[in-house]
Amino acid sequence: MEKTKVGIVGLGNVGSGVARLLTEQSARMTRHAGQPLELAKAVVRDLDKPRDVTLGPNVLTNDLKEITEDPEIRVVAQLIGGTEAARQVMLELLESGKDIVTANKALLAEHGPELFDRARALNRSIAFEASVCGGIPIITNIGQCLSANQITSLSGILNGTSNFIVSRMEQEGADYPAAVAEAQRLGFAEADPTMDVDGTDAAQKLSILAHLAFGARVDWHEIPRIGIDTLDAADLRYARELGYRVKLLAIAKLNGELELHVSPTLVRAGRPLAEVREAYNAVTVVGDAVGNVFFHGLGAGQMPTASAVVSDLIDTAVGRTRITFRTLELWSGRPPRVTLGDHAQARGRYYLRFTIRDSPGVLGDIAGVLGGYDISIASVIQHEPEVQGEDELVPLVIMTHLASEGAAQSAIEEIDGRDYTLQPSVRMRVLD
Ligand code: NAP
Ligand code: HSE
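What you see is a predicted model, and the numbers here were worked out from it, not measured in a lab.

**Student:** Would you take a moment to explain the nonpolar core for this structure?
**Tutor:** Generally speaking, nonpolar side chains in soluble globular proteins are found buried as a group. Among the nonpolar cores identified, the biggest contains 86 residues, and Ile138, Leu154 and Phe214 are the most heavily contacted of them. Of all the elements, helix 10 (residues 200-214) adds the most residues to this core, at nine residues. Leave out the neighbours within four places in its chain, and leucine 154 touches Ile142, Leu206, Leu209, Ala213, Phe214, Ala250, Ile251, Ala252, Val283, Thr284 and Val285. Of all hydrophobic cores here, the second largest spans 29 residues; its members include Leu22, Val53, Val59 and Ala317.

**Student:** What am I meant to see in the sheet that holds strand 4 (residues 73-78) here?
**Tutor:** Across a sheet, paired strands are connected by hydrogen bonds in the backbone, their directions being either parallel or antiparallel. On the basis of which strands lie adjacent, the open sheet formed by six strands has the order 3-2-1-4-5-6 and parallel pairing. Only two strands of the sheet have a single neighbouring strand rather than two, namely strand 3 (60-61) and strand 6 (126-127). Across six bridges, strand 1 (residues 4-9) lies against strand 2 (residues 37-43) in parallel orientation. From the neighbouring strand, threonine 4 faces strand 2, where its bridge partner is leucine 37.

**Student:** I would appreciate a short explanation of the environment of glutamate 72 in the present structure.
**Tutor:** Relative to the helices and strands, glutamate 72 resides in the loop between helix 3 (65-68) and strand 4. Residues glutamate 72 and threonine 4 lie 68 residues apart in sequence; the distance between their C-alpha atoms is 7.9 Å. Side chain to side chain, glutamate 72 and lysine 5 meet in a polar contact 2.9 Å long.

**Student:** Would you mind going over unusual backbone geometry with me for this structure?
**Tutor:** Trans peptide bonds make up the majority, and among non-glycine residues the majority have a negative phi. Non-glycine residue cysteine 133 carries a positive phi angle of around 65 degrees. Along the chain, cysteine 133 falls in the loop between strand 6 and helix 6 (138-145). The backbone phi angle of glutamate 278 is positive, close to 55 degrees, even though this residue is not glycine. Mapped onto the elements, glutamate 278 comes out in the loop between strand 9 (257-268) and strand 10 (280-287).

**Student:** Would you mind showing me how to read the domain arrangement of the protein here?
**Tutor:** Domain boundaries in the protein define domain 1 (4-134 + 304-328), domain 2 (138-298) and domain 3 (344-431). Taking the mean C-alpha position of each, domain 1 and domain 3 sit 50 Å from one another.

**Student:** It is not clear to me how the side chain of threonine 400 should be interpreted in this structure. Could you clarify?
**Tutor:** Checked against the element boundaries, threonine 400 lands in strand 14 (residues 393-400). Residues contacting threonine 400, with those up to four places away along its chain left out, are Arg349, Tyr350, Leu352, Ile375, Ser376, Ile377 and Ala378.

**Student:** Looking at this structure, I do not really get a negative patch on the surface. What am I missing?
**Tutor:** Where like charges cluster on the molecular surface, the negative patch consists of Glu84, Glu110, Asp219 and Glu222. With respect to the secondary-structure elements, glutamate 110 resides in helix 5 (residues 105-121).

**Student:** Can you help me understand the pattern of salt bridges in this one?
**Tutor:** Opposite charge on two side chains permits pairing when their charged atoms draw close. As enumerated under the stated definition, the model contains 27 salt bridges in all. Between arginine 268 and aspartate 432 there is a salt bridge, with the nearest N and O atoms lying 3.0 Å from each other. Of the two residues, arginine 268 is situated in strand 9 and aspartate 432 in the segment after strand 16 (421-431); the sequence distance between them amounts to 164 residues. For arginine 268, a relative accessible area of 37% puts it in the partly exposed group. Residue aspartate 365 pairs with arginine 418 through a salt bridge whose shortest N-O separation is 2.8 Å.

**Student:** Before we go on, may I ask you to explain the site of ligand 2 in this structure?
**Tutor:** The environment of ligand 2 is made up of 13 residues, and the closest members are Lys105, Gly160, Thr161, Glu190 and Asp196. Backbone polar atom of glycine 160 to an oxygen atom of ligand 2: 2.8 Å apart, as the coordinates give it. A distance of 2.6 Å is found between an oxygen atom of ligand 2 and a side-chain nitrogen or oxygen belonging to threonine 161. For ligand 2, the protein covers 94% of the area, taking 260 Å² as the surface of the free molecule. Elements supplying a minimum of two residues to the shell around ligand 2: helix 7 (160-172) and helix 10. Residues of the shell around ligand 2, tallied by class, amount to four nonpolar, four polar and five charged.

**Student:** Mind showing me how you'd approach the packing of aromatic side chains here?
**Tutor:** The geometry of an aromatic ring pair comes down to the distance between the two centres and the angle between the two planes. Taken as a whole, this structure holds four aromatic pairs when the rule is applied. On the numbers, 5.1 Å between centres and 55 degrees between planes, the contact of phenylalanine 116 with phenylalanine 325 is tilted. Note that phenylalanine 116 is positioned in helix 5 and phenylalanine 325 in helix 13 (residues 320-327), a separation of 209 residues in sequence. When its relative accessible area of 0% is taken as the criterion, phenylalanine 116 is described as buried.

**Student:** In this structure, what is going on with the site of ligand 1? I would like to understand it.
**Tutor:** Near ligand 1 there are 24 residues, and of these Asp46, Arg51, Lys105, Glu190 and Gly301 occur at the shortest range. Measuring from an oxygen atom of ligand 1, one finds a backbone N or O atom of leucine 11 at 2.9 Å. Take lysine 49: an N or O atom from its side chain is 2.9 Å from an oxygen atom of ligand 1. Alone, ligand 1 offers 900 Å² of accessible surface; in the complex the protein occludes 84% of this.

**Student:** Sorry, what's going on with helix 11 (residues 233-242) here?
**Tutor:** Each turn of an α-helix holds 3.6 residues, which means side chains three or four residues apart point in the same direction. Among all positions in helix 11, only Ala234, Asp235, Leu236, Tyr238 and Ala239 are buried. Where helix 11 begins, one side-chain oxygen reaches toward the backbone nitrogen of alanine 234, 2.9 Å away; that side chain belongs to aspartate 232. Phi turns positive, to about 90 degrees, at glycine 243, one or two residues after helix 11.

**Student:** I'm lost on the packing of helix 6 against helix 10 in this one. Help?
**Tutor:** Packed helices, taken two at a time, are described by their axes: the angle between them and the distance between them. The interhelical angle for the contact between helix 6 and helix 10, taken along N-to-C directions, is 20 degrees, at an axis separation of 9 Å. Compared by their axis directions, helix 6 and helix 10 come out roughly parallel. The crossing of helix 6 and helix 10 is left-handed. Residue-level contacts link Ile138, Ile139 and Ile142 of helix 6 to Ile208, Leu209, Leu212 and Ala213 of helix 10. Partitioned by chemical class, the residues of the contact of helix 6 with helix 10 number seven nonpolar, no polar and no charged.

The rules behind these values
Numbering of residues begins from 1 in every chain and follows the order in which that chain's sequence is written. Chain letters start at A and ligand numbers start at 1, both assigned in the order the entries are written. A pLDDT threshold of at least 70 governs which residues receive local features in this predicted model, and a stricter bar of 80 or more applies before side-chain atom pairs are shown or counted, although totals over entire chains, interfaces and linings include all residues. Side-chain figures throughout are based on the complete set of non-hydrogen atoms in the structure, without hydrogens or water. Throughout, nonpolar core names a set of buried Ala, Val, Leu, Ile, Met, Phe, Trp, Tyr and Cys residues whose side chains join them through atoms within 4.5 Å. For the exposure calls, accessible area comes from a 1.4 Å probe over protein chains only, and a residue counts as buried if that area is under 20% of its type's maximum, exposed if over 50%, partly exposed in between. Labels follow the DSSP assignment, with helices taken as runs of H or I lasting at least four residues and strands as runs of E lasting at least two, numbered in each case from the N terminus. Any pair of residues with heavy atoms lying within 4.5 Å of one another is described as a contacting pair. We treat two strands as partners when DSSP finds at least two bridges between them. Between N or O atoms, a polar contact is any pair within 3.5 Å; within protein, one atom must be a potential hydrogen donor and the other a potential acceptor, and residues adjacent in sequence are included only when both atoms are from side chains. What marks off one domain from the next here is an automatic or database domain assignment. Without a salt bridge and with relative accessible area above 30%, a residue can belong to a patch; like charges are then joined within 9 Å and nonpolar side chains (Val, Leu, Ile, Met, Phe, Trp, Tyr) within 5 Å. Methods summary: accessible areas were calculated by the Shrake-Rupley approach with a probe of 1.4 Å, and residue burial reflects only the protein chains presented. We define a salt bridge as a side-chain nitrogen of Lys or Arg found within 4 Å of a carboxyl oxygen belonging to Asp or Glu. When charges are counted, neither His nor the chain ends are considered; positive counts come from Lys and Arg and negative counts from Asp and Glu. All charge positions are set by atom: Lys at NZ, Arg at CZ, Asp at CG, Glu at CD. Proximity is defined per residue: any heavy atom of the residue falling within 4 Å of a molecule or strand makes that residue near it. Any residue outside Ala, Val, Leu, Ile, Met, Phe, Trp, Tyr, Cys, Pro, Asp, Glu, Lys and Arg is labelled polar, Gly included; the first ten of those are nonpolar and the last four are charged. Two rings from Phe, Tyr or Trp (for Trp, the six-membered ring) form a pair when their centres sit within 6.5 Å of each other. Planes less than 30 degrees apart are called stacked, planes more than 60 degrees apart edge-to-face, and all others tilted. Note on method: axes are straight lines fitted to C-alpha atoms, helices fitted across the in-contact stretch only, with angles between N-to-C directions ranging 0 to 180 degrees. Here is the rule for angles: anything less than 35 degrees is roughly parallel, anything more than 145 is roughly antiparallel, 65 through 115 is roughly perpendicular, and the remaining ranges are oblique. The crossing is said to be left-handed when, going from far helix to near helix, the turn is anticlockwise and less than a right angle, and right-handed when the turn is clockwise.

Below, the structure is given as structure tokens:
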């Protein structure tokens, strides 16, 4: 029987899971690919590091040439993180005639145009299902299964680490550094977890989805983003009191132009997105023909991510990826179908928390400033002061009606300039 020899570059969390599926479930792979997939080589930096997978003799190497110079290895899973070394490895693999599968969204978001151009010029393919939402097949669903639709909006929890951290803080009162460390220990977080918690990872994934779903060619740096790294546990409590949960949401909304942003958002309890916990990811997609579709599953972690990588390896081995890649709009020469709108004009409801001195006229002044920017108040919570004394710190929470991003930003800046404001104010979008 014909077989496909497979290489892996990077045998960390994801690479080890891929190696385990290929070696421990080889009969299943043969059944689905119609031929065996043989793990021929796995490239790492450090040959002495313990690995949580048992490989055959001579499979582990620290020399990429053992893959690039072996014409029998046709398909390679490129599973090293970061961008610069990963870019170089991808280019070498393409030049040596390999079809590639990758989970590295940072690499694609940064160097996708160059890598896809090169792959097309060399008649090779790149499959990347694992790069967004780990085990959820969101790339295939948006790129192929929903291609009859004009997608009109997409709202997603795209970063498992952030969702894990916020869930732990909300449900168990875990403190932030402990929750970050736990996400690292469990293998969800990036080598540098800053990318997870500051919204970078979600913005990179959103830039890929926005191109697939809307034909928007957007540099991820252009996407306004706020992470969970500045989130205060007090806001999780107020959100709950108001009937909401806080989630790091990535939003794409088509309204003539495209609105894109990543930010902690109050999601009304009971909405499917509000109930997504731990390292789970979820995406709500609205299409003009299909209506509302909800995807949910583990978006990070060894085996869920390996599930997507190995499915791509099978698709590549049997030739399906080649057809998909040829027709893919992503980073092709086709002109963008939509442009990015002015973020200041985007409209939404807001949660605002002010920390103010408890003095006569303050509430009225704040209402006046908001009104001056055409921001209407929907509800107010003011609890008793937390500190008794002359300068009593009073948290004042306001939910607004619809307002523009620019107006909300300007109003906050003006209120933060008042002498009764004792700490920078908090502003979050609301999804009802
Ligand atoms: P990881 O645990 O840090 O593993 C990275 C691996 O790459 C290590 O085995 C490392 O070798 C190897 N490596 C790094 N630089 C190399 C080089 N220049 N040459 C050869 N090997 C090199 O990372 P990971 O969590 O598996 O993530 C891999 C990729 O998948 C990242 O792009 C990540 O964003 C993406 N991803 C991860 C998850 C997840 O849940 N972890 C989910 C979806 C996507 P040594 O072991 O010898 O150091
Ligand atoms: N660090 C990423 C996350 C891995 O937490 O979602 C999956 O891309």
